[in-house]
Amino acid sequence: MSQPPLLPASAETRKFTRALSKPGTAAELRQSVSEVVRGSVLLAKPKLIEPLDYENVIVQKKTQILNDCLREMLLFPYDDFQTAILRRQGRYICSTVPAKAEEEAQSLFVTECIKTYNSDWHLVNYKYEDYSGEFRQLPNKVVKLDKLPVHVYEVDEEVDKDEDAASLGSQKGGITKHGWLYKGNMNSAISVTMRSFKRRFFHLIQLGDGSYNLNFYKDEKISKEPKGSIFLDSCMGVVQNNKVRRFAFELKMQDKSSYLLAADSEVEMEEWITILNKILQLNFEAAMQEKRNGDSHEDDEQSKLEGSGSGLDSYLPELAKSAREAEIKLKSESRVKLFYLDPDAQKLDFSSAEPEVKSFEEKFGKRILVKCNDLSFNLQCCVAENEEGPTTNVEPFFVTLSLFDIKYNRKISADFHVDLNHFSVRQMLATTSPALMNGSGQSPSVLKGILHEAAMQYPKQGIFSVTCPHPDIFLVARIEKVLQGSITHCAEPYMKSSDSSKVAQKVLKNAKQACQRLGQYRMPFAWAARTLFKDASGNLDKNARFSAIYRQDSNKLSNDDMLKLLADFRKPEKMAKLPVILGNLDITIDNVSSDFPNYVNSSYIPTKQFETCSKTPITFEVEEFVPCIPKHTQPYTIYTNHLYVYPKYLKYDSQKSFAKARNIAICIEFKDSDEEDSQPLKCIYGRPGGPVFTRSAFAAVLHHHQNPEFYDEIKIELPTQLHEKHHLLLTFFHVSCDNSSKGSTKKRDVVETQVGYSWLPLLKDGRVVTSEQHIPVSANLPSGYLGYQELGMGRHYGPEIKWVDGGKPLLKISTHLVSTVYTQDQHLHNFFQYCQKTESGAQALGNELVKYLKSLHAMEGHVMIAFLPTILNQLFRVLTRATQEEVAVNVTRVIIHVVAQCHEEGLESHLRSYVKYAYKAEPYVASEYKTVHEELTKSMTTILKPSADFLTSNKLLKYSWFFFDVLIKSMAQHLIENSKVKLLRNQRFPASYHHAVETVVNMLMPHITQKFRDNPEASKNANHSLAVFIKRCFTFMDRGFVFKQINNYISCFAPGDPKTLFEYKFEFLRVVCNHEHYIPLNLPMPFGKGRIQRYQDLQLDYSLTDEFCRNHFLVGLLLREVGTALQEFREVRLIAISVLKNLLIKHSFDDRYASRSHQARIATLYLPLFGLLIENVQRINVRDVSPFPVNAGMTVKDESLALPAVNPLVTPQKGSTLDNSLHKDLLGAISGIGNAPCSCGLLSTITLKVSWSQ
């Protein structure tokens, strides 16, 4: 090759050229000069080239495509995508939704919530989705190379010269044989005769790559160079041939030649034939394995070149084909793809990978297993009548465990009730207490045959969950006993250290009397506490033990009082002042393993690890009261419907209605009617020792208190459908604790006296009442008491009620709702209520519905997250039934608000789970409803208009991925469920939808290209999301239409744009060109007129002609944009070249196109790249970045890497350099069209050059 022309010696060196020699300034100068030139010269915008009508072309060229041996590179597969239903997998052995819940539900919100928890997951599966990312995400993972494999050649093998052939073969572990044979001269010009045979010593040897050679020598000294070799990997068969000489056999080769050999005896001949055929059989088996692996297209075009009429092929066709495949496999396996050496291919960069999306599932905080072992006091004796039995506590005690958080000043768990009494102590209680009596009848949630009430009566293990663990969380144990008298009096015997059996016997006697008479009533007795966590990471403080057992102060009963006591827990001087009861509470804590067996959730639904054996103890999950903060809220996945009731305070010191009201017990019932004979519902969770569900529950009694405080928690399983008659009924009793012998027998038998009633309707304005309530108490309970209403002026509506203390609100009570089917949010409740009245807006007045939609912006964040799937499902339903544009736009605005809130709380994963698994398009009825994809696209267009609210439009841009993903899934479900996937592409969607898509693309353009400085995150996200949407549209829509959208979008960028816009443009192209069927989209096939010719005879495009860019649209567009970027400064060139190079690497690593013929076909799409490189050779500094030494005076021998000599100071003219510098024959050789064995070299060669250009 000629040397570059030298400048005259007299020419003065320019200052710019001299400055280039300064270290570190070259790049800076190049960029500054480039910017000056770009600023002073008006860069022409590339001409817009209309893409081909893809759908028409594949119809017109159907015959050509079907006759193409690589037609899978030209056609999309028929099974490209499908919808699927995935069974919802939960933790439980059955659905958490009660059996008749769907029938009972009348409210739209309740109904939709139940549907959400019962529905399976709806997915859209893309069969080749694994190929739609970058090369690092391909299913055949890129292997990281530490070093290149060492190739072993014959000349490198260290063989002992004196070692014989047998030992050599045994070392290599292959087949070996040696001996004398006669070799016939097979020159075609001379007929083979006896005289032409020459005696030679033959040695069969296995090479390092596994192939075999048959070397021959003049003598037995095999350490010398052989006279010749027969390469058995090219051998097609070994057969006997006695035509010329006895004991002769023939080796038929691939190129139709053959070798004739003869042995000295028939035995020797058979041995050689057997061994040689065994080697051919090994080759054949390797080829069959390759065939099973699916490489059926290997080198089809090569076989056409070699011709199909080979005599040897017809002699052994299967063996011939398999041997060729084995040879190719062996060579390909022993080679390393050049791309493995590229530094980018070895980087573990998954920044462009889409996040893994999991389905919604129940999530918990830190789970703690609490094991209750024992409660023992110092005061003990034998409680049996005959004094035979173990020494135990002298009376029953009942423990209630719960978690308190003193950092946030709240109780964070429900109560867990435990009965640790010995069997003999439990016998002291009356066996027919009212608590047991009212347990008959139907009870919710108990699964017959799985849950045995006997196994659930005395739980000892509970699982607590803490979402926000920290050291200031305490496990508190409250201890109660059977009602006897004042706390001080009852605790006194337990506080003495003297072990007096007389004291024990006295206490036992009084306890037995109290248990028989007042067994169902409890009184507060003591409390203890312990810390749970060492730190905020959730590490359990297993070494901590419960504090001393402190006597309960009757004036400090409430949860607020408990929080104040715990605040002083770490202050010994304050805790020392508290009276201590002598005893020990043994409760341990531990972590919960993922496979923990045999437990039920807070609704008593058994998990899948549950054992049905009644003897196995059951562990109970305890409800966590998760803080109402969005970031700690999870979307609900199971049915839960609990109401926790807390009677707090009764002010009865001023009442005059009852003569005696001091030891006041409150009985709580849940009723669905206020009629006289109506029964309470059996839905209150029972205490240990009693039935699982009861009709009533009692709060602990304070002795001689007219204004008692309460700390009790009553847990109720609410009915699925609540109505206006559902209410809490509280009945107050004065309990007589006096059991003295004084007075008449009749008087002594009266244990309880009714001293008032109070009730709390559960629903107010359709929602469950959850705030703290102050309600009056009545002295009577007439039928229809719920209907009582004050009308003012002393008048009222309803029955006559005698109010205690003039109807003052004497009772303070609060409720806490833990429900996944009822909401406390007024705005959400009103919206669903209005939708129910108007059939999801189909019959709604536009203004009314818009008002309710706008109010949803005020919805509480944690409610929005908790009911996320149900809310979004309803909004999309309203969208498809809206009759006015204003309604549809406002629905979309609410969805934007919800999506933005999720992102701002860092809960984007919930949205991704919703789109992938939960979203399901409504059944399409053309006459009634519209499709989500069309209506949402139109609404997005309206919101993106310049006149629209810019805050909303910015949010839409920023979080546009969600809306485009919904469009994609809606389109897929619409096509399959309405059998439109079988239609031609241009008939699948109406013209109105094509117009809507085109409009939304056009509306996005100015937002992205003009807001990149003011709102970079929004414009960047919108650009990427649009690219993902456009890429997926290729799967569903008219591909020619999609090409036009790409063309329109790219046309909004121009040469000379800021670097950010170049980044956007090439990010868009990168995403689109990573489509799994990028190769078929580019139609790598001849477009010549007339008779269809072979590729080898075609005059291929080596430059970016308009025709090339039209016929091979995506690759043409990418190469044109790369060519434009090469005129820009270095950072832009790097961006463009990186996108192109990564795409080429992906082609090389894609196992669908691994064969030589596939790679050669792909290579034809990139031939114009050589022209681009040559036109821009002045911008490629090979000497700076080349991995090989390049000297100015050296002659480049490798033509495929040689660059033409170009004066670096002269800008080459387009079109001339290519023709003058590189002949088409040379490019054909590089690409493999002129010379088939080189066909897989183009992509590697291109990448080598592209890498240098960086």
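Just so it is clear, the model here is predicted, and its values are computed rather than measured.

S.K.: What's the story with the overall build of the chain in this structure? I'm lost.
M.R.: Within the chain one finds 43 helices and 37 strands. For the chain, with 1254 residues in total, the buried portion stands at 51%. Residue pairs in contact within the chain that sit at least 24 positions apart in sequence constitute 77% of those at least 6 positions apart. Accessible surface computed for the chain: about 58,900 Å², of which carbon and sulfur atoms make up 50%.

S.K.: Would you mind going over the nonpolar core with me for this structure?
M.R.: One broad rule of soluble globular proteins: the nonpolar side chains tend to lie buried together. Counting 199 residues, the largest nonpolar core has F876, F962 and I1046 as the members making the most contacts within it. If you tally residues by element for this core, the top one is helix α25 (residues 885-904), at eleven residues. Formed by 65 residues, the second largest nonpolar core is a distinct cluster that contains V370, V383, L429 and V692.

S.K.: Looking at this structure, how should I read the sheet that holds strand β25 (residues 664-671)?
M.R.: Here four strands make up an open sheet; going across it, the order is β28-β25-β30-β31 and the pairing antiparallel. Two strands bound the open sheet, and with one partner strand each, they are β28 (696-698) and β31 (752-761). Across the sheet, the axes of successive neighbouring strands diverge by a mean angle of 20°, strand direction being ignored. Pairing between β25 and strand β30 (residues 727-735): eight bridges, direction antiparallel. When the bridges of β30 are listed, I664 appears paired with H734.

S.K.: Just to check I follow, could you spell out the packing of helix α21 (residues 826-837) against helix α24 (residues 868-881) for this structure?
M.R.: In a packed pair of helices, the relevant descriptors are the angle between the two axes and the axis-to-axis distance. At a closest axis distance of 12 Å, the pairing of α21 and α24 adopts a crossing angle of 40°. The pairing of α21 with α24 is recorded here as oblique in orientation. Of the two elements, α21 crosses α24, and the hand of that crossing is left-handed. Judged by residue contacts, L828, F831, F832 and C835 of α21 engage T870, I871, Q874, L875 and V878 from α24. Residues of the contact of α21 with α24, tallied by class, amount to seven nonpolar, two polar and no charged.

S.K.: Would you take a moment to explain the packing of aromatic side chains for this structure?
M.R.: How two aromatic rings sit relative to each other is given by the distance of their centres and the angle of their planes. One pass over the structure, following the stated rule, counts 46 aromatic pairs. Note on Y685 and F693: the rings are 4.6 Å apart at their centroids and 55° apart in plane angle, and the pair reads as tilted. In this structure Y685 comes out as buried when scored by relative accessible area, which is 8%. You can call F693 buried: its relative accessible area is 1%. Taken together through their ring pairs, the aromatic side chains of F876, Y914, Y919, W961, F962 and F963 make up a single cluster. Between R1032 and the ring centre of Y126, over which it is positioned, the NZ or CZ distance is 4.0 Å.

S.K.: Whenever I open this one, unusual backbone geometry confuses me. Can you help?
M.R.: What is expected of a backbone is that most residues other than glycine have negative phi and most peptide bonds are trans. Here H704, not a glycine, exhibits a phi torsion of approximately 55°, which is positive. Examined against the element boundaries, H704 turns out to sit in the loop between β28 and β29 (714-717). On the basis of relative accessible area, H704 is assigned to the partly exposed category, the value being 44%. A positive phi angle is found at D765, which is not glycine, with a value near 55°. Topologically, D765 is positioned in the loop between β32 (763-764) and β33 (767-768).

S.K.: Explanation requested: the packing of helix α30 (residues 991-1010) against helix α32 (residues 1039-1050) in the structure shown.
M.R.: Interhelical geometry of α30 versus α32 gives an angle of 20° and a closest axis separation of 10 Å. Between α30 and α32, the angle is such that the two are roughly parallel. Seen from above, α30 lies across α32 with right-handed handedness. Where α30 abuts α32, its residues H994, V997, E998, V1001, N1002, M1005 and I1008 lie against F1041, Q1045, N1048 and Y1049. When its residues are assigned to classes, the contact of α30 with α32 shows six nonpolar, four polar and one charged.

S.K.: Would you explain the sheet that holds strand β3 (residues 177-183) in this entry?
M.R.: Each strand in a sheet pairs with its neighbour through backbone hydrogen bonds, running either in the same direction (parallel) or in the opposite one (antiparallel). In spatial order, the strands read β6-β5-β4-β3-β9-β8-β7; together these seven strands make up an open sheet with antiparallel pairing. The outermost strands of the open sheet, each flanked by one partner alone, are β6 (228-231) and β7 (235-240). For this sheet, the mean inter-axis angle between neighbouring strands, taken without regard to orientation, is 35°. Where strand β4 (residues 198-206) and strand β5 (residues 212-217) come together, six bridges link them in antiparallel fashion. Residue pairing for β5: I205 is matched across the bridge by N213.

S.K.: Would you mind going over helix α33 (residues 1059-1073) with me for this structure?
M.R.: Given 3.6 residues to a turn, an α-helix orients residues that are three or four positions apart in the same direction. Its 15 residues give α33 an end-to-end C-alpha distance of 21 Å, which sits within 8% of 21 Å, the value for a rise of 1.5 Å per residue. In terms of residue burial, α33 counts as a mostly covered element, since eleven of its 15 residues are buried. All of the buried residues in α33 are L1061, F1062, Y1064, K1065, F1066, F1068, L1069, R1070, V1071, V1072 and C1073. Turning to α33, the residues buried within the fold contact α30, α31 (1016-1036), α32, α34 (1078-1082), α36 (1113-1125) and α37 (1130-1149).

S.K.: How do you make sense of the pattern of salt bridges when you look at a structure like this?
M.R.: It is possible for side chains of opposite charge to pair when their charged atoms get near one another. Per the stated rule, a full pass over the model turns up 38 salt bridges. Between D68 and R1161 there is a salt bridge, with the nearest N and O atoms lying 3.1 Å from each other. Residue D68 is located in the loop between α4 (62-67) and β1 (81-86), and its partner R1161 is located in helix α38 (residues 1156-1164); the two are separated by 1093 residues in the primary sequence. For the pair D68 and R1161, one class covers both residues: buried. Linked through salt bridges whose partners overlap, the residues forming this network are E112, K115, R877, R881 and E922.

S.K.: Any chance you could explain the pairing of β25 here in plain terms?
M.R.: Two faces belong to every sheet, and in a regular strand the side chains alternate between them. Burial within β25 is extensive, with eight of its eight residues counted as buried. Where β25 meets β28, three bridges bridge the pair, whose relative direction is antiparallel. Residue pairing across strands places E669 opposite S696, the latter belonging to β28.

S.K.: Sorry if this is basic, but what is going on with the confidence of the model for the chain here?
M.R.: Detail in the predicted coordinates should be disregarded across regions flagged by low pLDDT. Mean pLDDT over the chain: 81, with 77% of residues reaching 70 or higher. A low-confidence stretch, residues 36-42 (pLDDT under 50), is modelled with six contacts involving residues beyond four sequence positions or located in other chains.

S.K.: In this structure, what is going on with α32? I would like to understand it.
M.R.: With twelve residues, α32 extends 16 Å from end C-alpha to end C-alpha; this agrees with the ideal 16 Å at 1.5 Å per step. In terms of burial, α32 is a largely internal element, ten of the twelve residues being buried. For α32, the complete set of buried residues consists of R1039, G1040, F1041, V1042, F1043, Q1045, I1046, N1047, Y1049 and I1050. Where α32 begins, the side chain of D1038 points an oxygen toward the backbone nitrogen of G1040, at a separation of 2.9 Å.

S.K.: Mind showing me how you'd approach the environment of T83 here?
M.R.: Looking at the secondary structure, you find T83 in strand β1. T83 gets classed as partly exposed once you look at its relative accessible area, which sits at 28%.

Rules used throughout
- Residues numbered from 1 in each chain as written.
- Predicted model: local features only at pLDDT ≥ 70, side-chain atom pairs only at ≥ 80, totals over all residues.
- Heavy atoms only, no water.
- Helix = DSSP H or I, 4+ residues; strand = E, 2+ residues; numbered from the N terminus.
- Buried < 20%, exposed > 50% of the residue type's maximum accessible area, 1.4 Å probe, protein only.
- Contact = heavy atoms within 4.5 Å.
- Areas by Shrake-Rupley, 256 points an atom, 1.4 Å probe, with all protein chains shown as cover.
- Core = buried A, V, L, I, M, F, W, Y, C linked by side-chain atoms within 4.5 Å.
- Pairing = 2+ DSSP bridges.
- Axes fitted to C-alpha atoms, helices over the stretch in contact; angles between N-to-C directions.
- Parallel < 35°, antiparallel > 145°, perpendicular 65-115°, else oblique.
- Left-handed = near helix turned anticlockwise from the far one by under 90°.
- Nonpolar A, V, L, I, M, F, W, Y, C, P; charged D, E, K, R; others polar.
- Phe/Tyr/Trp six-rings, centres within 6.5 Å; stacked < 30°, edge-to-face > 60°.
- Lys NZ or Arg CZ within 6 Å of the ring centre and 35° of its normal.
- Expected span 1.5 Å × (residues − 1).
- Salt bridge = Lys/Arg side-chain N within 4 Å of Asp/Glu carboxyl O.
- pLDDT = per-residue confidence, 0-100.
- Polar contact = N/O pair within 3.5 Å; in protein donor to acceptor, adjacent residues only side chain to side chain.

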